[in-house]
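What the coordinates show
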Amino acid sequence: MDVTKREFEAYLDTMDTVTILVPYEEEMPTAFFLMEQNEQVQLPIARTIHLPNMQKYECITTLPIEIGRPYEIIDSRSRRTDLQIGAVIRTPEFDQLFFYTGSDLGVTLTKTETVFKLWAPSATEAKVKLLHPETKEEKLREMMRGEKGVWVWCEPKHLDGYLYTYLVRINGTWTEAVDPYARGLTANSEYGMIIDLSRSKQTIAPRPPLAALTDAIIYETHIRDFSISPHSGIKARGTYNAFTEENTATSNGYSTGITYLKELGVTHIELLPVNDYGGVDETDPLKEYNWGYNPLYFNVPEGSYASNPSDGYARVNELKKLISALHQNGMRVILDVVYNHVYVRETSSFEKLVPGYYFRHDYYGMPSNGTGVGNDLASERNMVRKFIIDSITYWLTEFHVDGFRFDLMGILDVQTMNAIRALTDKVDPTILLLGEGWDLNTPLPYDRKATLYNADKIPRIAQFNDQFRDCVKGSTFNIYDRGYALGHLHRKNDVKQSLSGSVAYEKYGKYLFTEPFQSINYVESHDNHTLWDKMSKCNHYETEIVRQKRHTLATSMVLLAQGIPFLHSGQEFYRTKFGVENSYKDPDYINQIDWQRREKFDENVQFIQKLIRFRKQEMALRLPSRSHIQQHVRFLQTSEPVIAYHLTHIKEFSQWSELLLTFNNDLKEQEFSLPDHHRWRVLVKDQRFFEKGEEEEVVSSYKVPPLSVLILGRE
């Protein structure tokens, strides 16, 4: 029954509740009946509610409703309407009844057939639309409804390269949508593309070794930003292929690209979203810009970074080559994933194929908006959680990625995140999971949110440490608030706690985590002002040289703290976005990595390289557990501007028996007393590393140069 006009509306809101809405008229209905084929059952009216323009009837049905079959509602005046699927789709009963555990949703190819499986339990009919890859001739195939609301069609042919969409009839209306499980797409996501993954098999270089999660040093970048500058010396600028070009350099011979990353010494490259997203025309990619937090299809590489966005194989193969190239050069790959929302809820395949299921709704039935972009994915529902886990599985097994950064992880639920951790542990326990654990206003109970304050409930997942960020740099949300590195002392105890991995330790500040590998230490990321731009405003009264020293001090604290350091690409050469705070769709000249700036500040780049090398040499700077930190980390009593971070009895982790790392945020040098009057050697002073044997010896006290880090070692 195709309904073009309904005189009244009827919705199934629970498995035994029918809600009926009737516009006001002189003679209102007095009874309602449920009609299924030739059977008619009266629906007792449990409650009548007067609304401004209509009357609402809540009725009880004793007849078991089989979702996916058509039903009619008849009123006492013999008027008819169809029974639509309403809020029942968000009930626990529906969720359990239609929980499909198979691993074959989407398209499965064999040499002789192509099998389509679509989860659409509220549909009464479903079809596959096939388009020939060359002639674009269309064919429709009627799908058969199977268990748990899964629709199936088996085409007795190997349909490699064919384009396809699904059509579903829900609540009397036909809707067309691209498969959310698609692994290939045409340009701008118009059609799904069937790709034979056996044709895209290539040897991806093995995952570089990682002994402990705290050995990670993360470097965040964006595919296009990384190489789009005309000074990058890279041919395939702005694409996946840029990461495969080695020995690239600026016109003056300074390294760029993957060669630069290798020299820098970071262990993990975190890529802003590489799955298919909206906001950029893939056929003219340089016309627009976007970070990629507008997800459309979660299992397809973004087309604007590929050499040919209309070729599903180009997208897959070029991303695989990128990952393999980074692996070959000693770096792991973290994907930034956005499983908390979609670009536009109303036009998403999720909403078209199973309306009302995939997204959270508030008490009044309106879509929730904790993400701030109009929708929140309901990760706590079985088939949403399954989709996320299936997607993670695909990236792990097909692309061999080494970690995932979860955008707005606080929208997701604890059970889902722990299920992902269990999955990745089976592949490799050193796969890194990290996320933004902000507590957002989404209708999920507080104790079920994967937030910073529930870190103990997701114990093997790292989180961005906003305490570290704010006490070292200053508030992200108040540009004039200054942290320790920018000259203030009001959160000195929080700084000590942050340097200790933010685990339970003595009396310093509040601790956030149970283990140090949960702490992602950072002062800058793609979001908000760069550190340089923040200082240009809140420390505008200081000279550029002073601001550079403060910037380097902050980055040094990131690299020397317990936990996992995180650098924003270009941070090591004072990256600027010219004061733009939220550059998610600004032009390339705002967002690009400025490789000329890398030349200009090469001295600082070299210092950061050496700090990274020092961290990698000294296991004492990356202690693997809270108990190790409690045993080996101390802080000395010092003058106000100085923090002296003391690592004791560390011979099993270091060539030194003790290390002393002191930070001075003052414009003047500061003297401090050395512990126990032992003989110490100066390892790092005022951005200079001393070679073995040339270190200055110190006994009772020493002066820390202004705005710097001083590192001493005792044999």
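Throughout what follows, the structure given in this document is the object of discussion. (Residues numbered from 1 in each chain as written. Predicted model: local features only at pLDDT ≥ 70, side-chain atom pairs only at ≥ 80, totals over all residues. Heavy atoms only, no water.)

**Digging into the layout of surface pockets**
Put simply, the largest pocket is a space of about 730 Å³. Looking at the largest pocket, it is lined by 29 residues, and the ones nearest its centre are Trp291, Asp407, Leu408, Glu436 and Asp527. Counted by class, the lining of the largest pocket contains nine nonpolar, eleven polar and nine charged residues. Space inside the second largest pocket adds up to approximately 510 Å³. (1 Å grid on protein atoms, 1.4 Å probe; cavity = no way out; pocket = protein on both sides within 12 Å on 5 of 7 lines; lining within 4 Å. Points joined across faces, edges and corners; volume = space filled by probe spheres on them. Nonpolar A, V, L, I, M, F, W, Y, C, P; charged D, E, K, R; others polar.)

**Some thoughts on the sheet that holds strand β25 (residues 462–464)**
Strand order in the closed barrel made by the eight strands is β18-β19-β22-β23-β24-β25-β26-β27, with parallel pairing throughout. Averaged over all pairs of adjacent strands, the angle between strand axes in this sheet comes to 30 degrees, irrespective of strand direction. Relative to β25, strand β24 (residues 432–435) runs parallel, the two being bridged by two bridges. Across the sheet, residue Gly435 finds its bridge partner in β25, namely Gln463. Across the sheet, helix α4 (residues 312–328) is in contact with β19 (268–271) and β22 (332–337); its angle to β22 comes to roughly 140 degrees. (Pairing = 2+ DSSP bridges. Helix = DSSP H or I, 4+ residues; strand = E, 2+ residues; numbered from the N terminus. Axes fitted to C-alpha atoms, helices over the stretch in contact; angles between N-to-C directions. Contact = heavy atoms within 4.5 Å.)

**Topic: unusual backbone geometry**
Despite not being glycine, Leu408 has its phi angle at roughly 45 degrees, a positive value. In this structure, Leu408 sits in the loop between β23 (403–406) and α7 (414–427). We classify Leu408 as buried; its relative accessible area is 15%. With a phi close to 60 degrees, Phe578 is a non-glycine residue in the positive phi region. Structurally, the position occupied by Phe578 is in the loop between β27 (564–568) and α12 (588–591). (Buried < 20%, exposed > 50% of the residue type's maximum accessible area, 1.4 Å probe, protein only.)

**Topic: empty space enclosed by the protein**
With a probe scaled to a water molecule rolled over the atoms, the places where space remains empty come into view. What the rule picks out here adds up to six cavities of 30 Å³ or more. Looking at the largest cavity, its volume works out to about 110 Å³. Lining the largest cavity are 14 residues, with Leu105, Trp119, Pro180, Tyr181 and Tyr358 sitting closest to its centre. Across the lining of the largest cavity, the residue classes tally to ten nonpolar, two polar and two charged.

**Comments concerning the packing of helix α3 (residues 257–264) against helix α14 (residues 602–617)**
Packing of α3 against α14 leaves a shortest axis separation of 8 Å and a crossing angle of 55 degrees. Classified by the angle between their axes, α3 and α14 sit oblique to one another. Between α3, through Tyr260, Glu263 and Leu264, and α14, the contact on the second element is made entirely by Val605, Ile608, Gln609 and Ile612. Here the residues of the contact of α3 with α14 sort into five nonpolar, one polar and one charged. (Parallel < 35°, antiparallel > 145°, perpendicular 65-115°, else oblique.)

**Overview of the pattern of salt bridges**
With the rule as written, the count across this model stands at 50 salt bridges. Among the salt bridges present, the one from Arg345 reaches Glu346, with a minimum N-O distance of 3.2 Å. Residue Arg345 is classed as buried on the basis of its relative accessible area, which comes to 14%. Among the salt bridges present, the one from Arg681 reaches Glu715, with a minimum N-O distance of 3.8 Å. Residue Arg681 is located in strand β32 (residues 680–685), and its partner Glu715 is located in the segment after β36 (708–714); the two are separated by 34 residues in the primary sequence. Residues joined by salt bridges that share partners form a network here, namely Arg679, Arg681, Lys692, Glu695, Glu697 and Glu715. (Salt bridge = Lys/Arg side-chain N within 4 Å of Asp/Glu carboxyl O.)

**A look at the side chain of Thr576**
Tracing the sequence through the fold places Thr576 in the loop between β27 and α12. A distance of 2.9 Å separates the side chain of Thr576 from the backbone nitrogen of Phe578, its partner in a polar contact. Apart from the residues within four sequence positions on either side, Thr576 is in contact with Thr530, Trp532, Asp533, Ile590 and Arg597. (Polar contact = N/O pair within 3.5 Å; in protein donor to acceptor, adjacent residues only side chain to side chain.)

**Examining a nonpolar patch on the surface**
A grouping of Leu296, Tyr343 and Val344 is seen on the molecular surface, where their side chains present a nonpolar patch of about 210 Å² in accessible area. Residue placement: Tyr343 occurs in the loop between β22 and α5 (349–353). What makes Tyr343 partly exposed here is its relative accessible area of 35%. (Patch = residues over 30% accessible without salt bridge, like charges linked within 9 Å, V, L, I, M, F, W, Y side chains within 5 Å. Areas by Shrake-Rupley, 256 points an atom, 1.4 Å probe, with all protein chains shown as cover.)

**A look at helix α9 (residues 492–499)**
Burial within α9 is extensive, with seven of its eight residues counted as buried. Of the residues making up α9, those classed as buried are Lys492, Asp494, Val495, Lys496, Gln497, Ser498 and Leu499. In the core, the buried residues of α9 are packed alongside α8 (466–472), α11 (544–560), β28 (633–635), β29 (642–647) and β30 (658–664). The first or second residue beyond α9 is Gly501, which carries a positive phi of 85 degrees.

**Here's the deal with the sheet that holds strand β13 (residues 144–145)**
Read across the open sheet, the four strands follow the order β9-β10-β14-β13; overall the sheet is antiparallel. The open sheet has two edge strands, β9 (106–109) and β13, and neither has a second partner. Here β9 runs beside strand β10 (residues 114–119); their pairing, made up of four bridges, is antiparallel. Bridge pairing in β10 links Val107 to Phe116.

**Some thoughts on the packing of α4 against helix α6 (residues 382–399)**
The packing of two helices is summarised by the inter-axis angle and the distance between the axes. Where α4 contacts α6, the two axes come as close as 11 Å, and the packing angle between them is 70 degrees. Classified by the angle their axes make, α4 and α6 are roughly perpendicular. Facing α4, whose interface residues are Val316, Leu319, Lys320 and Ile323, α6 presents Trp395, Glu398 and Phe399. Within the contact of α4 with α6, the residues separate by chemical class into five nonpolar, no polar and two charged.

**Observations regarding the environment of Arg315**
Secondary-structure assignment places Arg315 in helix α4. Taking the C-alpha atoms as reference points, Arg315 and Ile458, 143 residues apart in sequence, are found 33 Å from one another. At 3.4 Å, the side chain of Arg315 and the side chain of Asp276 are in polar contact.

**Things to note about the pairing of strand β35 (residues 701–704)**
Side chains Tyr702 and Val704 project from β35 onto a buried face, and the interleaved Ser701 and Lys703 project onto a face without burial. Direction of pairing for strand β31 (residues 670–673) relative to β35: antiparallel, over a ladder of four bridges. Residue pairing across strands places Phe672 opposite Tyr702, the latter belonging to β35.

**What about the packing of aromatic side chains?**
Considering all chains together, one arrives at 39 aromatic pairs under this definition. With centroids separated by 6.4 Å and ring planes inclined at 45 degrees, the aromatic side chains of Phe573 and Trp595 adopt a geometry described as tilted. One end of the pair, Phe573, is in the loop between β27 and α12; the other, Trp595, is in helix α13 (residues 595–600), and 22 residues separate them in sequence. Each of the two residues, Phe573 as well as Trp595, counts as buried. Among the aromatic side chains, those forming a connected cluster through ring pairs are Phe94, Phe98, Trp119, Tyr181, Phe298, Tyr339, Phe350, Tyr357, Tyr358, Phe387, Phe404 and Phe406. In this arrangement the basic side chain of Lys127 is found over the ring face of Trp174, its NZ or CZ atom lying 4.8 Å from the centre. Geometry around Tyr357 places Arg381 over its ring, the cationic atom sitting 5.8 Å from the centre. (Phe/Tyr/Trp six-rings, centres within 6.5 Å; stacked < 30°, edge-to-face > 60°. Lys NZ or Arg CZ within 6 Å of the ring centre and 35° of its normal.)

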